[in-house]
Amino acid sequence: MEKDSNFTDENGEKDRKSGMGIEETENSNKKEERKSEMDIEKNENNNKKTRRKGCFILPRFACMRLDDEVPVVETTAAGESSFDVEASQKGPPPNHLVVMVNGIIGSAEDWKYAAKQFVKAYPRDIIVHCSKSNCSKLTFDGVDIMGTRLAEEVLSVIKQHPHLQKISFVAHSLGGLVCRYAIAKLYEQKSARRACGEDMECCSLNGSTNSCVEEEVSKRKIAGLEPLNFITCATPHLGCRGHKQAPAFCGLHSLEKVAASSSWLLGRSGRHLFLKDCDEGRRPLLLRMASDSEDLPFISALQSFKRRVAYANTCFDYLVGWSTSSLRRRYELPRRRNLKKVDKYPHIVKVDEATSVSSQEETPTEAKINGRKSQEMEEAMIRGLTKMSWERIDVSFKGSKQRYFAHTAIQVQSYCMNSDGADVIQHIIDNFVV
C-alpha cells in the first residue's frame, strides 16, 4: 500500500510538472505571437512612413480611383483621339456643351481629370468635349489654322447633340489663343424685333400696331448657342515676345532676342507667339486679335460671353509669364508679399472680380522711355482685350513639391504628377455658370 501511495504521488508530481510545462510552452507561444503581431504593426507603420516620404514622386497614387459618386461615361469615336464625358444617369440630356482645349504638344487626354470632375459636379447640366483637332505636332500649325480646325470640330459636335443650348470653353496655354480665334469664326449676331407690352400678332388683329413699341434685340451666339464661360489657364494672351513674358529667359534681353529669332522651331505657332508674323505687310496675328479686324470679330465674340476668366501662375511657370497670362501690365501685378491663400483652395492666392480698364489709360512712364516696338504692341493688346471685363485668378504653387510643374499642374494634366492643382479645377467648377 505504501508503494502504491508513493507511486500515485510520483505520478501526480509528474502530471503537475507536465501541466506546468504545457502552460509554460503555451505562454511562450503567446509571447511569440504577440511579438510577431507587434513586428507586423511596426512594419506596417514603417511602410506607411516610407509611403508618406515618397509621395512627392507619385502623390496619392489615385490616378485611377476618382470619386465615383456619379458614374460618368466616356464616348470615343472610332479612330479618333477626342472624347466626350457625360453622366450615365437617366433623364433629359444635358443642354450645356463645355469644350476643353489643350496647349502646345498636348492632347485631349490632358483634360481627362478635369472633365470627369465637371460632369460629377453638374451631371444633369453639362456634357464635356475634350478637343482632338489640335494635338501633338498639329499644335505647330499656327493659331489661325488651329482655330479654324477647332471651329469645325465644335460644329460637328453640336450636330451630334441637337439638344444643346449653351456653350463654354476651358483652355490651357496656347489653347486659349486657339479658342479666341475659333469663337470669332463661330460668332453670330442676329437682330430681332421684340414687341414690348402686348403681343404683336394680337395688336395687328385689332388694327393698333402703331400703339405697340418695338425695340431691336441683338442676340449674340457662338455656333448658334448661348455663350456663358470663357476660361483660360496659363494662356499667353499677349504673346511671349520680350518684356519677361517667358520666364525661362530670365528677363535677359539677349536671350529673349535669340528666342524670338529661333521662333521658327515651333512652326507658325512660334511666329505667332513671338509676334514675328508680318505676312504681306499685315500686323501680327495676336495684335489683330485684340480688336474686331477686317477678317473676324475677335472682340465682339469675346464680349458675347457672360464670363471671361484668366487663371495665371504667379511663379514657377517657366513657359508663360504672370503678366501675359493675367492680362496685366507688369506694374499692375500684385506684390507677392500681399498674396494670401484663399480658404478651401490652398493654391489660389488672389481673386480679382470682373473689371475692365479704360482704353484711354496712359502708358506707363517706363514704357515711354524705353519705347520698344514689342512693348508698344503689348500695350495695344492690353488696351484692346481689357475693354471688356475679366476675372483674374492668381495661382501659386510655392511650397508645393510639384511647383516646378506649375504650367501643367494648373490644369492637372496628369493627376499622378499634378495632383496639387486639383483645388484650381475645383475653383473653376465652383464658380462655373451653368
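Asker: Explanation requested: the packing of helix 3 (residues 143-160) against helix 4 (residues 174-186) in the structure shown.
Answerer: In helix packing, the relevant descriptors are the interaxial angle and the interaxial distance, both defined with respect to the helix axes. It is at 7 Å that the axes of helix 3 and helix 4 come closest, and there the two elements cross at 60°. The angle between the axes of helix 3 and helix 4 places the two elements in the oblique class. Relative to helix 4, the crossing made by helix 3 is right-handed. Contacts from Val-143, Asp-144, Met-146, Gly-147, Thr-148, Leu-150, Ala-151, Val-154 and Leu-155 in helix 3 reach Leu-174, Leu-177, Val-178, Cys-179, Tyr-181, Ala-182, Lys-185 and Leu-186 in helix 4. Of the residues that constitute the contact of helix 3 with helix 4, the class distribution is 13 nonpolar, two polar and two charged.

Asker: Just checking my understanding: could you explain the pairing of strand 11 (residues 390-395) for this structure?
Answerer: A regular strand places its side chains on the two faces of the sheet in alternate fashion. Where burial is concerned, most of strand 11 is hidden: six out of the six residues are buried. Here strand 11 shows a buried face lined by Trp-390, Arg-392 and Asp-394 and a second buried face lined by Glu-391, Ile-393 and Val-395. The pairing of strand 9 (residues 307-313) with strand 11 spans five bridges and is classified as parallel. Paired with Asn-313 across the bridge in strand 11 is Val-395. Inspection of the sheet shows strand 10 (residues 348-355) paired to strand 11 by five bridges, in the antiparallel sense. The residue of strand 11 that forms the bridge with Asp-352 is Arg-392.

Asker: For this particular structure, what's the right way to read the nonpolar core?
Answerer: Counting 54 residues, the largest nonpolar core has Phe-169 and Ile-222 as the members making the most contacts within it. Among the secondary structure elements, those contributing two or more residues to this core are strand 3 (96-101), helix 3, strand 5 (166-172), helix 4, helix 8 (285-288), helix 9 (298-303) and helix 12 (373-385). With nine residues, helix 4 is the largest single contributor of residues to this core. If we ignore the near neighbours within four places in the chain, the residues touching Ile-222 are Ile-167, Phe-169, Ile-183, Leu-186, Tyr-187, Pro-227, Ala-301, Ser-304 and Phe-305. In terms of nonpolar packing, the next biggest core, distinct from the first, is built from 38 residues, Phe-83, Val-98, Met-100 and Val-170 among them.

Asker: Can you walk me through helix 15 (residues 422-430) in this structure?
Answerer: Given 3.6 residues to a turn, an α-helix orients residues that are three or four positions apart in the same direction. Of all the nine residues making up helix 15, seven are buried; the element is thus mostly covered by neighbouring parts of the structure. Along helix 15, the positions that sit buried rather than exposed are Ala-422, Asp-423, Val-424, Ile-425, His-427, Ile-428 and Ile-429. Summarising the contacts, the buried residues of helix 15 are in contact with helix 2 (112-121), strand 8 (226-233), strand 9, strand 10, strand 11 and helix 14 (415-418).

Asker: Explain a nonpolar patch on the surface to me, please; I cannot follow it from the model alone.
Answerer: On the surface, Tyr-318, Tyr-404, Phe-405 and Met-417 cluster together into a nonpolar patch covering about 390 Å² of accessible area. Considering the arrangement of structural elements, one finds Phe-405 in the loop between strand 11 and helix 13 (406-409).

Asker: Sorry if this is basic, but what is going on with the pairing of strand 8 here?
Answerer: Most of strand 8 sits out of view: seven of its eight residues are buried. Here five bridges tie strand 8 to strand 9, and the two strands are oriented parallel to one another. Paired with Ile-231 across the bridge in strand 9 is Val-309.

Asker: Explain the side chain of Ser-173 to me, please; I cannot follow it from the model alone.
Answerer: Checked against the element boundaries, Ser-173 lands in the loop between strand 5 and helix 4. Residues in contact with Ser-173, not counting those within four places in the same chain, are Gly-103, Cys-233, Ala-234, Thr-235, Pro-236, Val-320 and His-407.

Asker: What am I meant to see in the packing of aromatic side chains here?
Answerer: Between two aromatic rings, the relevant description is the distance of the centres plus the angle of the planes. Scanning the model with the defined rule gives eight aromatic pairs in all. Between Phe-169 and Phe-305, the ring centres sit 6.2 Å apart and the planes meet at 75°, which makes this aromatic pair edge-to-face. A residue pair is termed long-range when its members are at least 10 positions apart, and Phe-169 in strand 5 and Phe-305 in the loop between helix 9 and strand 9 qualify at 136 residues. This pair shows no difference in class: Phe-169 is buried, exactly as Phe-305 is. Taken together, Phe-118, Tyr-122 and Phe-432 form an aromatic cluster joined through their ring pairs.

Asker: Looking at this model, I keep getting lost on helix 4. Mind explaining?
Answerer: Under the 1.5 Å per step criterion, the end-to-end length of helix 4 is 19 Å for 13 residues, consistent within 8% with the ideal 18 Å. Residues of helix 4 that are buried include every one of Leu-174, Gly-175, Gly-176, Leu-177, Val-178, Cys-179, Arg-180, Tyr-181, Ala-182, Ile-183, Ala-184 and Leu-186, and no others.

Asker: Explanation requested: the packing of helix 2 against helix 15 in the structure shown.
Answerer: Helix 15 packs onto helix 2 with a crossing angle of 40° between their chain directions and a minimal axis gap of 10 Å. Between helix 2 and helix 15, the crossing angle belongs to the class labelled oblique. The handedness of the crossing between helix 2 and helix 15 is right-handed. Residue-level inspection shows Tyr-113, Ala-114, Gln-117, Phe-118 and Ala-121 of helix 2 in contact with helix 15, the latter providing Ala-422, Ile-425, Ile-428 and Ile-429. Its residues assigned to classes, the contact of helix 2 with helix 15 shows eight nonpolar, one polar and no charged.

Reading guide: rules and limits
Residues numbered from 1 in each chain as written. Predicted model: local features only at pLDDT ≥ 70, side-chain atom pairs only at ≥ 80, totals over all residues. Heavy atoms only, no water. Axes fitted to C-alpha atoms, helices over the stretch in contact; angles between N-to-C directions. Helix = DSSP H or I, 4+ residues; strand = E, 2+ residues; numbered from the N terminus. Parallel < 35°, antiparallel > 145°, perpendicular 65-115°, else oblique. Left-handed = near helix turned anticlockwise from the far one by under 90°. Contact = heavy atoms within 4.5 Å. Nonpolar A, V, L, I, M, F, W, Y, C, P; charged D, E, K, R; others polar. Buried < 20%, exposed > 50% of the residue type's maximum accessible area, 1.4 Å probe, protein only. Pairing = 2+ DSSP bridges. Core = buried A, V, L, I, M, F, W, Y, C linked by side-chain atoms within 4.5 Å. Patch = residues over 30% accessible without salt bridge, like charges linked within 9 Å, V, L, I, M, F, W, Y side chains within 5 Å. Areas by Shrake-Rupley, 256 points an atom, 1.4 Å probe, with all protein chains shown as cover. Salt bridge = Lys/Arg side-chain N within 4 Å of Asp/Glu carboxyl O. Phe/Tyr/Trp six-rings, centres within 6.5 Å; stacked < 30°, edge-to-face > 60°. Expected span 1.5 Å × (residues − 1).

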